[in-house]
Amino acid sequence: MSMARRLVLASASPRRLDLLRQIGVSPTAVDPADLDETPLPRELPPQHALRLAGEKAACVAARHPDSWILAADTVVACGRRILPKAEREDEARQCLDLLSGRRHRVYGGVVLLVPTAEGGHRRSERLVRTDVTFKCLSKSETDAYIAAGEWQGKAGGYAIQGRAAALIRWIGGSYSNVVGLPLHEVAGLLHGHGFPIP
């Protein structure tokens, strides 16, 4: 692969790497950005997802000036409220209690930086929304999901590709977006800029 076709995934998420490989794209490198992901005051969920994806891309592009940079961020939101990436059991339980029996939205912000002949990068972006509805969760269902530990580090306290699939009654939109990367849009961005996809 030439330098002009080096692709760097700006994420530490193994799920995003697996999703890319699912469509035949194997990044040359994985170089996550270490950023403060705290929402800004009055920042809405879709704006938050795109801002973080853009900041991740810019941070990593500084270390890989000749490479294509792909960055993404996933935000789980109830109305205007951005749910955390659950790190503690009480956070995960609060998320599940909030999501129980309700429809929420998952926003995926994707930014692709393509190197230019002038030495910079050209930016393209996509914002994807998926609607997800949880069943009404009993206390025993919530307890069992918490005990399984899948929620750790997951936006909104759940992983749709795991045990939570049994708790989700309906989904409208991109499934892969909820996992962590909207593949249709990513493939379109890459293909539209001439990056080879098998």
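Residues numbered from 1 in each chain as written. Predicted model: local features only at pLDDT ≥ 70, side-chain atom pairs only at ≥ 80, totals over all residues. Heavy atoms only, no water.

Run through the pattern of salt bridges, naming residues and quoting values.
Following the criterion strictly, the structure yields 15 salt bridges and no others. One salt bridge in this structure joins Glu43 and Arg51, with 2.6 Å as the shortest N-O distance. Accessibility expressed as a relative area gives 10% for Glu43, which makes it buried. A relative accessible area of 19% places Arg51 in the buried class. Between Glu55 and Arg51 there is a salt bridge, with the nearest N and O atoms lying 3.1 Å from each other. Here Arg51 and Glu55 lie together in helix H2 (residues 45-61), a separation of four residues that amounts to about one turn. In the salt-bridge network here, residues are joined through shared partners; they are Glu37, Lys56, Asp73 and Lys85. (Salt bridge = Lys/Arg side-chain N within 4 Å of Asp/Glu carboxyl O. Buried < 20%, exposed > 50% of the residue type's maximum accessible area, 1.4 Å probe, protein only. Helix = DSSP H or I, 4+ residues; strand = E, 2+ residues; numbered from the N terminus.)

Give a description of the confidence of the model for the protein chain that names residues and reports values.
The predicted model of the protein chain has a mean per-residue pLDDT of 94, with 98% of residues at 70 or higher. Within the protein chain, no element has a lower average pLDDT than helix H1 (residues 14-22), which sits at 95, and none a higher one than strand S7 (residues 168-172), at 98. (pLDDT = per-residue confidence, 0-100.)

Please give an account of the side chain of Asn177 that cites residues and values.
Structurally, Asn177 is set in helix H5 (residues 175-179). A relative accessible area of 0% means that Asn177 is categorised as buried. With near-sequence residues (within four places) excluded, Asn177 lies in contact with Thr74, Val106, Tyr107, Gly108, Val128, Arg129, Thr130 and Pro182. (Contact = heavy atoms within 4.5 Å.)

Describe the layout of surface pockets, listing the residues and the values that go with them.
Taken as a whole, the largest pocket encloses approximately 430 Å³ of empty space. What lines the largest pocket is a set of 27 residues, among which Ser13, Arg15, Arg16, Lys85 and Gly153 lie closest to the centre. For the lining of the largest pocket, the secondary structure elements donating two or more residues are H1, strand S3 (68-78) and H5. When residues of the lining of the largest pocket are assigned to their parent elements, the largest contribution, three residues, is made by S3. Here the residues of the lining of the largest pocket are counted per class, giving 13 nonpolar, six polar and eight charged. Considered as a void within the structure, the second largest pocket measures approximately 190 Å³ in volume. Lining the second largest pocket are 14 residues, and of these Glu37, His48, Leu83, Pro84 and Lys85 sit closest to its centre. Looking at the lining of the second largest pocket, the elements that each hand over two or more residues are H2 and S3. Per-element tally for the lining of the second largest pocket: the top contributor is S3, with four residues. (1 Å grid on protein atoms, 1.4 Å probe; cavity = no way out; pocket = protein on both sides within 12 Å on 5 of 7 lines; lining within 4 Å. Points joined across faces, edges and corners; volume = space filled by probe spheres on them. Nonpolar A, V, L, I, M, F, W, Y, C, P; charged D, E, K, R; others polar.)

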